[in-house]
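# Close look at the chain arrangement
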2 protein chains.
Amino acid sequence: MSKEHYLDSSAVHNVWDNSIEPRLHIDPGDTVIFECVDASGQQVTPDSQASDLTQLDFGKVNPLTGPVYVDGAEPGDTLKVEILDLKHKGWGWTGIIPGFGLLADEFPEPYLKIWQLEEGSAEFKPGIRIPLEPFCGSMGVAPRVDGPIGTVAPTEHGGNLDTRGLVKGTVLYLPVWVPGALFSCGDCHAAQGDGEVCGTGIESPMTVTLRLGLVKGASISEFRFETPSPLTKTDTQGYYVTTAHGPDLYKNAQQAIRYMVDYLSAEHGLTRPEAYALCSVAVDLKISEIVDAPNFIVSAYLPKSIFTA
Amino acid sequence: MSKEHYLDSSAVHNVWDNSIEPRLHIDPGDTVIFECVDASGQQVTPDSQASDLTQLDFGKVNPLTGPVYVDGAEPGDTLKVEILDLKHKGWGWTGIIPGFGLLADEFPEPYLKIWQLEEGSAEFKPGIRIPLEPFCGSMGVAPRVDGPIGTVAPTEHGGNLDTRGLVKGTVLYLPVWVPGALFSCGDCHAAQGDGEVCGTGIESPMTVTLRLGLVKGASISEFRFETPSPLTKTDTQGYYVTTAHGPDLYKNAQQAIRYMVDYLSAEHGLTRPEAYALCSVAVDLKISEIVDAPNFIVSAYLPKSIFTA
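Structural notes, computed from the coordinates. This is a predicted model, so every value here is computed, not measured. (Residues numbered from 1 in each chain as written. Chains lettered and ligands numbered in written order. Predicted model: local features only at pLDDT ≥ 70, side-chain atom pairs only at ≥ 80, totals over all residues. Heavy atoms only, no water.)

### With respect to the interface of chain B and chain A
Each partner contributes to the interface: chain B provides 65 residues, whereas chain A provides 65 residues. Buried surface at the junction of chain B and chain A, both sides included, amounts to about 5,300 Å², of which 55% is carbon and sulfur. Of all residues in chain B, the largest losses of buried area upon contact with chain A belong to B:Glu222, B:Arg224 and B:Val291, amounting jointly to 12% of the total for that side. Connecting chain B to chain A are 2 salt bridges. Residue B:Lys304 pairs with A:Glu226 through a salt bridge whose shortest N-O separation is 2.7 Å. At the surface where chain B touches chain A, the tally comes to 36 residue pairs in polar contact (both at pLDDT 80 or more). Those elements that provide at least two residues to the side of chain B that touches chain A are β15 (224–227), β16 (239–246), α1 (249–268), β17 (284–289) and β18 (296–303) of chain B. With 7 residues, β16(B) is the largest single contributor of residues to the side of chain B that touches chain A. Split by residue class, the side of chain B that touches chain A holds 31 nonpolar, 22 polar and 12 charged. Pairing between strand β16 (residues 239–246) of chain A and β15(B): 4 bridges, direction antiparallel. Bridged to A:Tyr240 within β15(B) is B:Glu226. (Contact = heavy atoms within 4.5 Å. Buried area = accessible area lost by both parts, 1.4 Å probe. Salt bridge = Lys/Arg side-chain N within 4 Å of Asp/Glu carboxyl O. Polar contact = N/O pair within 3.5 Å; in protein donor to acceptor, adjacent residues only side chain to side chain. Helix = DSSP H or I, 4+ residues; strand = E, 2+ residues; numbered from the N terminus. Nonpolar A, V, L, I, M, F, W, Y, C, P; charged D, E, K, R; others polar. Pairing = 2+ DSSP bridges.)

Put into structure tokens, the structure is as follows:
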């Protein structure tokens, strides 16, 4: 008989480290409800101002709820994480943090949008509404190497995946590197585009319900997942798409987003920081072709359905 | 009153060059029906064998039907290409061409799949069926620089875009660099994933109907487009997704596709060349996150709906 467990957010950890004591031991197949604070570790609140983002203590960002010890998990197994539910708490934030993001050099000033989250969507500003498609930005297990690893970059143990496909109904597979796996999660996003270009989605505290299972002996090298259709609620009224070509996919992504910021500013009356933030929560980066050397194409897909006016 | 014109494939051009004489003069708003041969320039036929791909004359690949002179088009304008219809001719091919493609070093042997195209789908092998979502791989205008430019790499004048979003119902915008724009097209694909990882989609001769218009004075630097929903017919039964992280998006894309080839070989009984070719026609590469330095994530999305058995 599988059990349901509850982990509050009274204790979080701010590094991945296989020496962190588990807060919970469970059997494979048990369900855990995780209370997750927001990615700033409660440094941003509904009353915050943009200037507060310049004072962020990066030692506190991407705090994680966990670890959970899954009995019987051994290195070489795969941890199966069924994403059962995510519930927000009514608010979120999207920020441009100086020095961080795809176009950091072009957006040196802090910007902060505080969102009021309704049941299924949230207003960016009048006439622009984003459907909520919540997921955990960070899910991972303890690393095989000893010592602390930061929580900003994803690695082979998972971590800050920031992959919008990891919504309710998805099954995530993570490699197990240490006995018990030592799973933790956090950094919930109420919505995010593929790329998360400004560096933040709709960052939101959430209650996350996951079922943790094991696939014994099914070794994988990096995370993978199975996700249901449709891929996004926004694919209903078509897309406006900018593209950029060149030998460097990263620079192409930068350029495609620059074009999109130009477009949103010119045609939808947004300030440039607003446009950049909107790209981060709603625009999807795709690699359209990666074979016609020397020029590859990255495309930025803006869903028209977010414009309600 | 707008007119309809017809351009057969009796004359094609194998370079982009602003000195190529237009085969047709039209008014903005006119419709043109283009007969397009396949991307090999009829070197591949329904009777071809894989070994024939080692003999390809690359001087003949990506042949283009055109150019079309649009009266009144001037540098600084934008050419508006409404994609009205694409009709295949019952067959197509997907090839692994030695030395070409995302994993060229790992697939040194030629591979050729000849497809029989039905009305809305085509069988890859028993139990695997690809819905047809046809588009022109190559659409472009004459370059501003004098002299010939090859047809394999896309540049600022468009060209070999290989972007699967350019299906029927899409409006493509291209910058105009020379008087008359001198539009041409070719390289039709009956289906292709984002990335076109093995270097070919379902390469097919087609009849393409386009309406060519002008947006005067609306200068853009690279192609962009507006495309209808849904983005793909395959988004009905969820996806199996492999991912790879690291500082180099290109290497991440290679690794994510390697994982997918491994998966398709192990779980769906495909040979590795079959798996790689299937990725090229059906798997979508997405940039899941591009901000969590030093590690960015590229994901490869395999639609489960293609498996019919």
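### Here's the deal with the packing of aromatic side chains
Following the criterion strictly, the structure yields 16 aromatic pairs over all chains and no others. Between the aromatic rings of B:Phe34 and B:Phe183, the centroid separation amounts to 5.8 Å while the plane-to-plane angle is 65°, which identifies the pairing as edge-to-face. With B:Phe34 in strand β3 (residues 31–36) and B:Phe183 in strand β13 (residues 181–189), this residue pair connects regions lying 149 residues apart in the sequence. Across this residue pair, the class does not change: B:Phe34 and B:Phe183 are buried. Taken together through their ring pairs, the aromatic side chains of A:Phe223, A:Phe225, B:Tyr239 and B:Tyr301 make up a single cluster. A cation over a ring is seen here: A:Lys113 above A:Trp115, with NZ or CZ 5.2 Å from the ring centre. Between A:Lys286 and the ring centre of A:Tyr301, over which it is positioned, the NZ or CZ distance is 4.8 Å. (Phe/Tyr/Trp six-rings, centres within 6.5 Å; stacked < 30°, edge-to-face > 60°. Buried < 20%, exposed > 50% of the residue type's maximum accessible area, 1.4 Å probe, protein only. Lys NZ or Arg CZ within 6 Å of the ring centre and 35° of its normal.)

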